[in-house]
Amino acid sequence: LMASRGLGAVYAPISDCDEVFNYWEPLHFTIYGTGAQTWEYGPQFALRSWVYILLHSLNGMVFRFFYAEPLGAFLQTLGAPAPKILVFYLLRFSLVAVSAVADSSLYCAVATHLSDKGPNRARAVAVLAMLSV
């Protein structure tokens, strides 16, 4: 699961503009202090909560201050991307880890509680989880 999700994090493009403007832009704003703030997060409308963004910005700030900025110049000499892109991919890989743990626990629950109805149900869940990037 980690491998299929990891490949998706590296190679799958961001296919929805809402993902960019409603999550990555405000996240960039909380981590770096610059970026766009969409009207949904603005104080005039306040349709979206900042809690979800702030949870991810904690990871982003850790990745920025402990990995990307200290190692950024060195990694760029080796051909690695810019530090901001490194933080972006580290955040995507943290979501990969959470997703893989959730899918694994779903597989274990199906295997434990539905095994009497047929052993192939858990295998089907595993295959579908690997294919849904």
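Of regular secondary structure, the chain possesses five helices and zero strands. The order of helices and strands in the chain, counted from the N terminus, is α-α-α-α-α. Here the C-alpha atoms of the chain give a radius of gyration of 18 Å, more than 25% beyond the 14 Å that 2.2 N^0.38 yields for 133 residues. With respect to the three principal axes, the spread of C-alpha positions in the chain is 55 × 45 × 25 Å.

What follows concerns the packing of aromatic side chains. In this structure the tally under the stated criterion is six aromatic pairs. Residues phenylalanine 63 and tyrosine 67 carry aromatic rings whose centres are separated by 6.1 Å and whose planes lie at 45 degrees to one another, so their mutual orientation is tilted. Taken as a pair, phenylalanine 63 and tyrosine 67 lie in helix 3 (residues 51–77) at a separation of four residues, close to a single helical turn. On the basis of relative accessible area, phenylalanine 63 is assigned to the buried category, the value being 14%. Residue tyrosine 67 is classed as partly exposed on the basis of its relative accessible area of 41%. Where phenylalanine 88 meets tyrosine 89, the ring centres are 5.2 Å apart and the plane angle is 75 degrees; that geometry is what we call edge-to-face. The exposure class assigned to tyrosine 89 is partly exposed, which follows from its relative accessible area of 27%. Within the aromatic cluster, the residues linked to one another by ring pairs are Trp24, Phe88 and Tyr89.

Let's shift gears to the pattern of salt bridges. A full pass over the atoms with the stated rule returns two salt bridges. One salt bridge connects aspartate 103 with arginine 5, and the closest N-O pair in it is separated by 2.1 Å. With aspartate 103 in helix 4 (residues 83–113) and arginine 5 in helix 1 (residues 2–11), this residue pair connects regions lying 98 residues apart in the sequence. One exposure class covers both aspartate 103 and arginine 5, and it is buried. With a shortest N-O distance of 2.6 Å, arginine 64 and glutamate 69 are connected by a salt bridge.

Here we take up unusual backbone geometry. At alanine 46, a position not held by glycine, the phi torsion is positive, near 50 degrees. Looking at the element boundaries, alanine 46 is found in the loop between helix 2 (17–32) and helix 3.

Nonpolar side chains collect at one region of the surface, where Val62, Phe65, Phe66, Tyr67 and Leu71 lie side by side and expose about 500 Å² of accessible area between them. By relative accessible area, which is 45% here, phenylalanine 65 ends up partly exposed.

So, about helix 1. Think of an α-helix as 3.6 residues a turn; residues three or four steps apart then line up on the same face. Of all the residues in helix 1, the buried ones are Ser4, Arg5, Gly6, Gly8 and Ala9. Contacts made by the buried residues of helix 1 are with helix 4 and helix 5 (120–131).

For residues with low pLDDT, the predicted coordinates do not support detailed interpretation. Put simply, the chain has an average pLDDT of 86, and 99% of its residues get 70 or more. The spread of mean pLDDT over the elements of the chain runs between helix 5, the lowest at 85, and helix 4, the highest at 90.

Reading the values: the criteria
Residues numbered from 1 in each chain as written. Predicted model: local features only at pLDDT ≥ 70, side-chain atom pairs only at ≥ 80, totals over all residues. Heavy atoms only, no water. Helix = DSSP H or I, 4+ residues; strand = E, 2+ residues; numbered from the N terminus. Rg over C-alpha atoms; globule rule 2.2 N^0.38 Å. Phe/Tyr/Trp six-rings, centres within 6.5 Å; stacked < 30°, edge-to-face > 60°. Buried < 20%, exposed > 50% of the residue type's maximum accessible area, 1.4 Å probe, protein only. Salt bridge = Lys/Arg side-chain N within 4 Å of Asp/Glu carboxyl O. Patch = residues over 30% accessible without salt bridge, like charges linked within 9 Å, V, L, I, M, F, W, Y side chains within 5 Å. Areas by Shrake-Rupley, 256 points an atom, 1.4 Å probe, with all protein chains shown as cover. Contact = heavy atoms within 4.5 Å. pLDDT = per-residue confidence, 0-100.

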